[in-house]
Amino acid sequence: MTLHIGQSQRRENARRHLAGRGRFVSDLALPRMLHAVFVRSPMAKGRLVEIDTSEAEQSPGVVRILTAAELNARCKPWVGTLDHFAGMQSPPMSILAEEEVLWTGQPVAMIIAKSRAEAEDAADLVMVDIEDSEPVTDGAAALQDGAPLANSGARDNLCYEALLETPAVNEAFADAAHVVEASFTFGRHTAVTLEPRAVIADFDPSSGALTVHHGTQTPYQFQDVYARHFGLPEGKVRVIAPDVGGSFGMKLHVYNEEMGAVAASMILERPVRYVADRLESFLSDIHARDHIVKGRMALDAEGKILAMDVDDLAPVGAVSAYPRTSAAEGNQVIRLMGAPYNMPDYRGRLQVAFQNKVQTSQYRAVGHPIACAVTEALVERAAEVTGLDPFEIRARNLIADDAYPHVSATGYQFEKLSHQASLAKLREMMDPDALRADQARLREQGIYRGFGIASFVEITNPGAAFYGVGGARISAQDGAVVRMTPSGDIHCAISVTEQGQGTETIIAQVVADQLGVSPERVSVTTGDTATTPSGGATWACRGAGIGGETALRAGRKLRERILTLAGALLQADPATLRLEDGAVVDVATGEARITLEEIGRVATYRPDTLPDGVDHSLTVAHHFAPSGYPFDFTNGIQGSLVEVDVETGIVRILKHWVVEDCGRIINPLLVDEQIRGGVVQGLGPAFFEECQYDADGQLTNGSLADYLVPMACEMPDIEIAHIETPTEDTILGAKGVGEAGTAAAGAAAMNAVNDALRPFGARLTQTPMTPLRILDALDAARKQRTDP
Amino acid sequence: MKVLLSTTVNGEQVQEAVLPRTSLADFLREDLGLTGTHLGCEMGACGACLVLMDGVPVHACLVLAVQAEGSTIETIEGLNETGAAADLQAHFHDRNALQCGFCTNGMLMSAQALLEANPVPTRDEIRDALSGNYCRCTGYEAIVDAIDTTARDRAARTEAAK
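Here is a short report on the structure shown in this document. (Residues numbered from 1 in each chain as written. Chains lettered and ligands numbered in written order. Predicted model: local features only at pLDDT ≥ 70, side-chain atom pairs only at ≥ 80, totals over all residues. Heavy atoms only, no water.)

### A closer look at the nonpolar core
Among the nonpolar cores identified, the biggest contains 133 residues, and Tyr226(A), Phe687(A), Val753(A), Phe92(B) and Ile147(B) are the most heavily contacted of them. For this core, the element with the highest residue contribution is helix α8 (residues 256–268) of chain A, accounting for eight residues. When sequence neighbours within four positions are dropped, the list of residues in contact with Tyr226(A) reads Leu210(A), Val212(A), His214(A), Gly231(A), Val237(A), Val239(A), Glu258(A), Met259(A) and Val262(A). Within the second largest apolar cluster, 87 residues are counted, among which are Leu82(A), Val180(A), Val310(A) and Ala721(A). (Core = buried A, V, L, I, M, F, W, Y, C linked by side-chain atoms within 4.5 Å. Buried < 20%, exposed > 50% of the residue type's maximum accessible area, 1.4 Å probe, protein only. Helix = DSSP H or I, 4+ residues; strand = E, 2+ residues; numbered from the N terminus. Contact = heavy atoms within 4.5 Å.)

### What about the sheet that holds strand β4 (residues 100–101) of chain A?
Sheet architecture is open: three strands sit in the order β4-β2-β6 (chain A), paired in antiparallel fashion. The open sheet has two edge strands with one neighbour each: β4 and β6 (127–132) of chain A. (Pairing = 2+ DSSP bridges.)

### Points about the pairing of strand β18 (residues 448–460) of chain A
Residue and element names in this part refer to chain A. With 12 of its 13 residues buried, β18 lies for the most part within the structure. Where β18 and strand β26 (residues 632–644) come together, 13 bridges link them in antiparallel fashion. The partner of Thr460 across the bridge, within β26, is Asp632.

### Some thoughts on the interface of chain B and chain A
Across the boundary between the two partners, chain B contributes 45 residues, which contact 52 residues of chain A. Where chain B abuts chain A, roughly 4000 Å² becomes buried across the two surfaces, and 54% of that area is made up of carbon and sulfur atoms. A per-residue breakdown of the area chain B buries against chain A is headed by His93(B), Tyr134(B) and Arg136(B), which together make up 21% of the total. For the pair chain B and chain A, the number of links is eight salt bridges. Notably, a salt bridge pairs Arg676(A) with Glu141(B), separated by 3.2 Å at the nearest N-O pair. Taken together, the links from chain B to chain A amount to 26 residue pairs in polar contact (both at pLDDT 80 or more). At the level of secondary structure, the elements contributing two or more residues to the side of chain B that touches chain A comprise α2 (76–82), α3 (86–95), α4 (104–117), α5 (123–129) and α6 (141–161) of chain B. For the side of chain B that touches chain A, the element with the most residues is α3(B), which contributes five residues. Of the residues assigned to the side of chain B that touches chain A, the class counts are 18 nonpolar, 16 polar and 11 charged. (Buried area = accessible area lost by both parts, 1.4 Å probe. Salt bridge = Lys/Arg side-chain N within 4 Å of Asp/Glu carboxyl O. Polar contact = N/O pair within 3.5 Å; in protein donor to acceptor, adjacent residues only side chain to side chain. Nonpolar A, V, L, I, M, F, W, Y, C, P; charged D, E, K, R; others polar.)

### Some words on the pattern of salt bridges
Residue and element names in this part refer to chain A. Applying the stated criterion across every chain, the model contains 62 salt bridges over all chains. Its salt-bridge partner being Arg40, residue Glu280 comes within 2.9 Å of it at the nearest N-O pair. Of this pair, Glu280 sits in helix α9 (residues 278–284) while Arg40 sits in strand β1 (residues 34–40); the two residues are 240 residues apart in sequence, bridging distant segments of the chain. Here Glu280 falls in the buried class, since its relative accessible area comes to 7%. Judged by its relative accessible area of 14%, Arg40 is buried. A salt bridge links Glu384 to Arg758; the shortest N-O distance between them is 2.4 Å.

What follows is the structure in structure tokens.
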């Protein structure tokens, strides 16, 4: 029998996108639907004195203008803290600003009109009087004594702080043969999903039911949020996430605008649509990263890592995001430092600060790129001071492949990883000796190439330890309902969701193998709280590992049910039967005894012919929550080859390599494409992407003409290899892979750029590594050489 | 005040009254229900709204509907139905050259136009031709591969036909 797990099954649901038949929220129009536009604060900080809507109300097509007094009253304010982040504070947030504006772009009024264009016309006529005050924009300044409050609802500008420390960390530094140190600045960037955020809220007063068509990863989370914040019974709230045009973590946060659409629909009793335009996306989607990190690494004389000491300052905007907070990223930054290495001691300090910018929060590879870039840049410096080659220093320090289970200095538990095998494989792929020879030859021609590598771990398959323990109503489990149709086809409704990564395809593969059918016979439904069981959905790399395991166990349950029924029909012991090629087969002879189609026919149309007491229900449900390790870590290593034009500062990315171990691979094609997409999302902020603010807290590059995203002509081909170390926590053995590419791509690239610049003594410690910053680094190095 | 617009969309004659300020993209999506043309930036930077206007790819977000008077417009729905890009679509599918699908319309339009102008482009030429098409999901390599394979297949078929 052919197994489909492990095969590069193509995505059936990709066909309709290729035919122009996608079904995105932004494509949907409902009868009597109205359009929402928000009037936004033009200032980063100030007191809201007056909003005059009288002229706008007369504008053609306007149905209603909603202000805070009416709109906010409909919705219970939200607070973005988690209980397990001790001491964390964040002031409550409501849909529209009431007395104080906190960031440029914060919504202050909502226009509801018959068309988006008419709503925009009216928005221009709303007069907003704001008495502006000096905003808090810089994270370090925010935490100084006497700094003005970014948000008057907060005690001070410290949202959260944390300290991790092993007892002997000071001794480790005191006894070290070498200490390397550096400060790093990681720019603020944002998700830039090609489809902007989109929602249509449809409240039906006759039934009291709210249906929200919402481009999100997490329909169940939003069902819960809408029910609780709008005082509706959960059973009356339905959230439908059809095709979603990219999400990457950005579309699972609660936003003022989506809550506004729901409130407006409840007030007006008509469907209300809000689709962000690109300018609004830049002003209101969560931003990501924004860290200033000071790091030190202690080594012994042989180049063995003894300890790291890091200090991360993360400004996150004027409130913490809800319901996952804006502290989770920094928390992961300080916990992932040094994770691939045998590192006995560690100190990590995190300060999360309020400021007057739009909030930052979880985006693909939460915290990983920062921890990886800092660790790997310090390892690179350690290689320099110890005279070791980048591969050799890692070989000496990466956790041995037979040394598991292993607990990191920051408390993470690793079941089994393959760092050393990954390093060896990368060396084979990259051929560093040949790259060094090329580098030396080209330098003589004035061409400066460099390569860099970066090891990483990735957190996947999170259980309740992620959010549940902190009191967040974010499901750690997933659920599947698998049924056989009267014709013997299989249907699986599952709580994990699809944003193009291939969730539905891999679920079909997994279910198919449990039931002895081809994946073409398995249809999969996702993304609708009315038609799928409740679950956490797709985030933090849980679709394959947790969703896949849920589907596997549900499929096996149905298999038992079918075999029991077949046993009754065939008067055979079910233990002597199995499912294969769409039929029930005698295990001993391999002979097909009865087809699934025939079983479906009898169970559905002629249950009267079954022996008494035989259960003919061919629908099963199963829910699965991870147990065992709190997370299933994956690991890997990446390599980058670049060429730096030292006259212009422009970098050409020539090649990128990835070795990745995500455990059991369900679909090699889809895994590789997740890695490639992830790498490019890591290279973007390494070289191009940055939300630039001026001192007044104004975003100065908030359009796709000004904010640079990675495009085809700048990106390299990416070579990928795998090691497979399945987790033993599950039957399936799969772990996540969605964030691996993003985790280390920037770190490898930074090491590569610095390798290219080595002859000049120049070094980059800030991302994005723009041409200007590269020229500045070259200039600084030149000055240091001539005027030491 | 609305004005009357006569144009040909996907081979069908269309007569509609439109506001002069309506973009071609909004006209196609909202008035004709052709939602395969997507809007990603509304300033001509992302390529999600590309359609063929008299055979040439244009950003439907930057063209006013009234500018299409007397023109022939082809959207992804029309391109799909003619079968002219069936092989390209098949290679995109086989190579998984799309994830969320939001950029795919524009990618197909750019690829189809490239292969008409330059039947056997190099990989660098393909990457250059996609320089106005933003994709956040794939990292582009699969898209380049799919276009590359289509070009080589078409060239081989042309050669065999000689």
